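Coordinates in review
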Amino acid sequence: MKKLFTLILLFIFLTGCNSVKRVKDNEHLLTKNTVVVNNKKTSSSKLNELIIQKPNNKTLGIPLSLYFYNLGNENKPKTPSEWGKKRQKTYNFIKSVFSEKQSIAFANTMIGLNNWFLRNGQAPVIIEDRKTKKTVQNLKAYYKNQGYFRVEVSSQKDTLANKRGTVQYNITTGNPTFLDTIVTKINSPVLDSLYNTEKSLSFLKSGDQYNNDNFIKEASRITKLYRNKGVFHFSENYLGFYEIDTAVTNNNKTNVELIISGDRIIERNGDYISKPLKIQKIRNVNIYTDYSFSKRDQSIKDSTIYNGLNFKAYDKLRYNPKLLSESIFIKPGDVYTDTLRNLTRTHLKSLRNFKTTNIRYIDTIQGVDNQLDVNIYLTPIEKYTLGLETELTHSNIRDLGVSGKFSIINRNTFKGAEIFKLSFLGSFFNASQDANQSGNFFNSWEIGADLSLEVPRFLAPFGLNRLVPKRMSPRTMFTLGTSIQKNIGLDRQTVTGLIDYKWQYNQKKTIQLEIFNTQYVRNLRIGNYFQIYNSEFVKLENIVQTYNSVTNSNINITNSGSLPVEAMNTIFGNASFQTSNPQEYQDNLNILDRYNIITSDFLIPTIAYSFTYNNQTNYRDNNFSFFKVRVANSGNVATLLSKKRDANNRKTIFNIPLAQYFKADLEYKKFWNVDETSVFGFRSFIGAIVPYDNSAIPFTKSYFAGGSNDIRAWQTYDLGPGRRNSGLEYNIGSFKFLTSAEYRFDMFGSLKGALFVDAGNIWDITNSIFAEDQAKFNGLQSLKDIAVGSGFGLRYDFSFLVFRLDLGFKMHEPYLSGNKWFRNYNFSNAVYNIGINYPF
């Protein structure tokens, strides 16, 4: 039955594989564009962007979107009645067996299916002479903008067999034109003086090749210069470039004259008069803190002045003038600048307290005419709001889940634009390991609550807040939260407290400082450990049987209570058994180590510094780089509060083991636009965590390998450490390396595809007695332990999220003996990964 279904799908798809199926007899399907510049073929992406008609999109050389479109037909019936007339036998048969209502429903289904093929596929691109001529004009204009004023462009259409065709664009550029003498004429001493202060920054240089983009950049530079030096009314309309063409007589050179007008035309009492452009200063700054369109004509009821700023309200001033003034960079007496205007607008919007922010400049009617009044209109968001968020979630540990969050938000809590939030969270999901014995799909859950206060400034003692200027939008976040997890390994309770500082160094760089990030992790079902991790209990049973046989002991264990732990400690303390049965002894050590890590409660007081660089301009930008480094320490300061130690000689606070470690993570991502429909991405990660003072590493802070966002040919926690294949359910390490490369491409409609390669592993660098040699990192020698996986994936873009299915195949398995390459590179050993959004 499965084979029959596959054959049916294959037959349906192949029916659309005729590329010219929907091409009329007098039309030609465009299969290729060729651009020839000065008798040489070129594949320039810039020139390709100017071509209006391009061949149908291809996926790995196959026009899948065209094939998909061809499964539909634009000439098919559009209504049930039309469909019934064309398919009378089918329509009448369904009507006789069921009813006419069912016939209409079936007709609508077939019409909808046809429309779906047409909507999600791509129609054949037919060569059109009109669009070819337009492309010729685009190419000619492009080269003229580059200084090739005598460029010649022509097109040639070649018709091929079976209703196909190609178009070739032939370009003869001629010699380029260069800039010769550049003359500046400015009829205002004020503007001339300002221009000369930054004349060296001009984009127009004598001897450079003519480029229209440089003229545009120069006009923008001059406009920014004047407007940031106080000339409020200046715009690009007041300047012009005039080219004196001497290319014929002066060896392809042209002189350029820049003319800047120092006067503006204004209307006054019906007459137009000329006034000189001047440097203008700010006279009054008025901030309306509760503006709305309906209140615009009402009188002001409350007002105050702080540092020369006039704060006004139609009802009552609800914002502290001192604190709100920190977001206003426009000050009375200052020279007008565009930069401070934009900075003020950005800063006020970042407070997330106002629906709209409008800044208006008005020429003063009375007094000197070189002054401006500024009115800032702020429309507040409601003080109290309720929020409800639902989300489809996925991570390396949680296969699939749904979560909900209900929040109560109080804005302007202490009259300084603070945001106080009380949130209640809940989620149900399917945990990804065998540790969950429930037969339900959603076999695990988590509930929790958070209190947070976001302050739009630095709250720090000793004047430390002055270290970060306000233009960097500093933030202080206070958070207190708790959560309870069920059926994710051991049930766990977590309490978290956080004081977090964050600021935007510039548009691309963000800095974050966590000075108090403390987490208390308490495990709730330690006695059920071996019931939850049953595979480890089975392994321990075999070790105990061997131990009894070798030592004539009579140890009995069950999968609950303290007997398994007592047995592991007994075996651990027997040196003769270590000599006679080293493998079983080591396996026992591994299980004991895993038990100690997973069942230990921890207090984790962290101090961390993060730096992030991201030059992505918007979410559509697919040519960008991302870099992040995070350095953290746990326990250094907290150890000053207690000198007590537990039975394992680990420092404690309130009898809770204290996590003491240094941790560093580095991540780099780079993306390139291959063409209009495909992107290539690269990601690399390296991280290390080193404990000290006899501390263990908390399980939640350790590294793991595998999963839908990691090395996709292995399931979460299945890989490593090193070349060890322990068979345990949770494998972790203290050093990790990961790199991935992925080629993403459009297929048809909202369906996208990907080809990927992942490589990496985890190792142990703690020199713990529990670590086997195979798990330890030994410098460059450990490169042979890197696992490699590859595969392909399908992604469906719902616009608000991307649903992802990736299939990973094992290429290099470091734990195998003998040949380690491609031994299990097949579907039976492949790993199917379901994910939400992209893996990186």
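About the thresholds
- Residues numbered from 1 in each chain as written.
- Predicted model: local features only at pLDDT ≥ 70, side-chain atom pairs only at ≥ 80, totals over all residues.
- Heavy atoms only, no water.
- Axes fitted to C-alpha atoms, helices over the stretch in contact; angles between N-to-C directions.
- Helix = DSSP H or I, 4+ residues; strand = E, 2+ residues; numbered from the N terminus.
- Parallel < 35°, antiparallel > 145°, perpendicular 65-115°, else oblique.
- Left-handed = near helix turned anticlockwise from the far one by under 90°.
- Contact = heavy atoms within 4.5 Å.
- Nonpolar A, V, L, I, M, F, W, Y, C, P; charged D, E, K, R; others polar.
- Buried < 20%, exposed > 50% of the residue type's maximum accessible area, 1.4 Å probe, protein only.
- Pairing = 2+ DSSP bridges.
- Phe/Tyr/Trp six-rings, centres within 6.5 Å; stacked < 30°, edge-to-face > 60°.
- Lys NZ or Arg CZ within 6 Å of the ring centre and 35° of its normal.
- Core = buried A, V, L, I, M, F, W, Y, C linked by side-chain atoms within 4.5 Å.
- pLDDT = per-residue confidence, 0-100.
- Arc of directions from axis to C-beta.
- Expected span 1.5 Å × (residues − 1).

Quick look at the packing of helix α13 (residues 534–551) against helix α14 (residues 563–572) now. Packing of α13 against α14 leaves a shortest axis separation of 11 Å and a crossing angle of 50°. Between α13 and α14, the angle falls in the class oblique. Judged by the sense of rotation from one axis to the other, the crossing of α13 with α14 is left-handed. Judged by residue contacts, Leu540, Ile543, Val544 and Tyr547 of α13 engage Pro564, Ala567, Met568, Thr570 and Ile571 from α14. When the residues that make up the contact of α13 with α14 are grouped by side-chain class, the tally is eight nonpolar, one polar and no charged.

Take the pairing of strand β31 (residues 802–812) next. The buried fraction of β31 amounts to nine of the 11 residues, a majority that puts the element mostly inside the structure. The sheet contact formed by strand β30 (residues 787–797) and β31 spans 10 bridges and is antiparallel. Looking at β31, one finds that Val788 is bridged to His812. Counted along the chain from β30 to the antiparallel partner β31, the turn is four residues long, and its residue Ser799 has a positive phi close to 75°. Of the strand pairs in this sheet, β31 and strand β32 (residues 831–836) are connected by six bridges, and their pairing is antiparallel. Residue pairing across strands places Gly808 opposite Val831, the latter belonging to β32.

Turning next to the packing of aromatic side chains. If you walk through the whole model with that rule in mind, you get 45 aromatic pairs. When the ring centre of Tyr703 is taken as origin, the NZ or CZ atom of Lys663, which lies over that ring, is 4.8 Å away. Geometry around Phe704 places Lys736 over its ring, the cationic atom sitting 5.3 Å from the centre.

A separate point is the nonpolar core. One finds Phe530, Leu540, Val544, Ile557, Met568, Ile571 and Phe699 to be the most contacted residues of the largest nonpolar core, which totals 29 residues. Residue assignment for this core shows that the elements contributing at least two residues are α12 (529–532), α13, α14 and α16 (582–599). Looking at which element gives the most residues to this core, the answer is α16, with seven residues. Not counting residues up to four positions away in its chain, the partners in contact with Leu540 are Phe530, Ile557, Pro564, Met568, Asn588 and Ile591. Ala313, Ile328, Val374 and Leu378 belong to the second-largest nonpolar core, a separate cluster that totals 23 residues.

Moving on, we get to the confidence of the model for the chain. Residues of the chain with pLDDT of at least 70 account for 93%, and the chain-wide mean is 88. This stretch, residues 1–9, has a pLDDT under 50; its non-local contacts, to residues over four places away or in other chains, come to zero contacts. When the criterion is pLDDT under 50, residues 432–439 qualifies, and its contacts beyond four places in sequence or with other chains add up to 25 contacts.

Our next topic: the sheet that holds strand β1 (residues 29–37). A sheet is described by the order of its strands in space; here four strands give the open sequence β2-β1-β4-β3, paired in mixed fashion. In this open sheet, the two strands that pair with only one neighbour each are β2 (40–42) and β3 (152–160). Neighbour to neighbour, the strand axes of the sheet diverge by 30° on average, direction disregarded. By the bridge criterion, nine bridges tie β3 to strand β4 (residues 164–172) in an arrangement that is antiparallel. Bridge pairing in β4 links Val153 to Ile171.

This part takes up the side chain of Asn353. Within the secondary structure layout, Asn353 lies in the loop between α11 (338–350) and β13 (354–363). Leave out the neighbours within four places in its chain, and Asn353 touches Tyr319, Pro380, Ile381, Arg411, Asn412, Ala417, Glu418 and Ile419.

The peptide bond linking Gly720 to Pro721 adopts the cis configuration, its omega dihedral lying at -5°. On the secondary structure map, Pro721 appears in the loop between β27 (678–691) and β28 (735–748). The phi angle at Asn162 is positive, at roughly 60°, despite the residue not being glycine. Residue position: Asn162 is located in the loop between β3 and β4. Even without being glycine, Asn412 reaches a positive phi, approximately 55°. Along the polypeptide, Asn412 turns up in the loop between β16 (398–411) and β17 (419–431). A relative accessible area of 8% places Asn412 in the buried class.

Okay, the sheet that holds β13 next. Spatially, the five strands line up as an open sheet ordered β11-β12-β10-β14-β13, and their pairing is mixed. Two strands bound the open sheet, and with one partner strand each, they are β11 (302–306) and β13. Each adjacent strand pair in this sheet contributes to an overall mean axis angle of 20°, direction not counted. When strand β10 (residues 281–288) meets strand β12 (residues 309–313), the two strands line up parallel, connected through four bridges. Counted as the bridge partner of Tyr288 is Lys312 from β12. Here α11 sits on the sheet in contact with β13 and β14 (371–380), set at roughly 160° to β13.

The complete set of buried residues in α14 reads Pro564, Val565, Ala567, Met568 and Ile571. Viewed along the axis of α14, the buried residues span an arc of 160°, placing them on a single side of the element. The secondary structure elements touched by the buried residues of α14 are α12, α13, α15 (575–580) and α16.

An ideal rise of 1.5 Å per residue puts 24 Å on 17 residues; helix α7 (residues 129–145) measures up with 24 Å between its terminal C-alpha atoms. Next to the buried residues of α7 lie β1, α2 (45–50), β3 and β4. A positive backbone phi angle near 100° is found at Gly147, which sits one or two residues after α7.

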